[in-house]
Amino acid sequence: MNLNRLLNCPKQRGNYINAFDFSKNLNGFCIIFTEEYFVNCFSNLSEDFIFRLFNPQLFSPILEIPRQSDFKIYFNLLQKEFNNVKSFNQKAIIESLFIILVSKVESLKQKQTFYIKESSKIKIFQKFTSLIEKYLSESRSADFYATRLNITYKHLNVICKELVNKTAKSVIDDFVILQAKRNLINSNLKISELWNV
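We now turn to the structure provided with this report. (Residues numbered from 1 in each chain as written. Predicted model: local features only at pLDDT ≥ 70, side-chain atom pairs only at ≥ 80, totals over all residues. Heavy atoms only, no water.)

Points about the pattern of salt bridges
As a reminder, the rule being used: Only one rule defines a salt bridge in this text: a Lys or Arg side-chain nitrogen within 4 Å of an Asp or Glu carboxyl oxygen. We count a stretch as a helix when DSSP gives it H or I for four or more residues in a row; a strand needs E for two or more, and each element gets its number in order from the N terminus.
Counted under the stated rule, the structure contains five salt bridges. Close ionic contact of Glu 162 with Lys 121 constitutes a salt bridge, the shortest N to O distance being 2.6 Å. Of this pair, Glu 162 sits in helix 8 (residues 153-164) while Lys 121 sits in helix 6 (residues 119-135), and the two are 41 residues apart along the sequence.

Quick notes on the packing of aromatic side chains
Applicable threshold: Each pair of aromatic rings taken from Phe, Tyr and Trp, with Trp reduced to its six-membered ring, is defined by centres within 6.5 Å and is described as stacked if the planes are under 30 degrees apart, edge-to-face if over 60, and tilted in the remaining cases. Summary of the burial criterion: residues with accessible area below 20% of their type's maximum are buried, those above 50% are exposed, and those between are partly exposed, where the area comes from a 1.4 Å probe applied to protein chains only. Charge-over-ring contacts are defined here by two conditions on Lys NZ or Arg CZ: a distance within 6 Å of the ring centre and an angle within 35 degrees of the ring normal.
Summed over the entire model, instances satisfying the criterion amount to five aromatic pairs. Here the aromatic rings of Phe 128 and Tyr 145 are separated by 5.9 Å at their centres, their planes lie at 70°, and the arrangement is edge-to-face. Highlighted residues: Phe 128 in helix 6 and Tyr 145 in helix 7 (residues 142-148), separated in sequence by 17 residues. The burial state of Phe 128 is the same as that of Tyr 145; both residues are buried. Where Tyr 135 meets Phe 144, the ring centres are 5.6 Å apart and the plane angle is 70°; that geometry is what we call edge-to-face. Accessibility classification places Tyr 135 together with Phe 144 in one group, the buried group. When the ring centre of Tyr 135 is taken as origin, the NZ or CZ atom of Arg 148, which lies over that ring, is 5.1 Å away.

Section: the environment of Leu 63
Examined against the element boundaries, Leu 63 turns out to sit in the loop between helix 3 (47-53) and helix 4 (71-83). When the C-alpha atoms of Leu 63 and Leu 108 are compared, they prove to be 7.9 Å apart, with 45 residues separating the residues in sequence.

Scope: geometric values only; no functional claims are made or implied.
Below, the structure written as structure tokens:
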């Protein structure tokens, strides 16, 4: 499985602005990890899992942890190991606990309602975004991608509108803009040169 490909699909990386409520009666934690760290930790997980994790517009990112769940036990262990700088083999222990935590979350999500349940449409959308990445330099036409998916342009449009409330062309345009932003951040190119990359 190529996690780098999945993580580079439109809207699948950390391209969101997050807001936090700092009310006095709330407590919380934010775990931040790099793409490289994630790829190293989760290279054995399925593409479907990665796709769900990095598509909050398709699957609700909100998860309610049941009181009887052992999730908190593992989270506390992770926090304890992270703060224990003298721990033997700390890096491996933290990575193992992190994998357990994310796996526990996925297990809970399977039992809770996803925003969208019709998997056939999700699979087509997933293939569509993969094709965009592969053929973007060749074509920005929605018809081009519909043909490769063996469906009509109209059907592709219906799926995109239902899943992300955008036309197929808008999904392609979003990817073009995202790639331009990445190129601007990760290179010495001028803005006028980005569209030729």
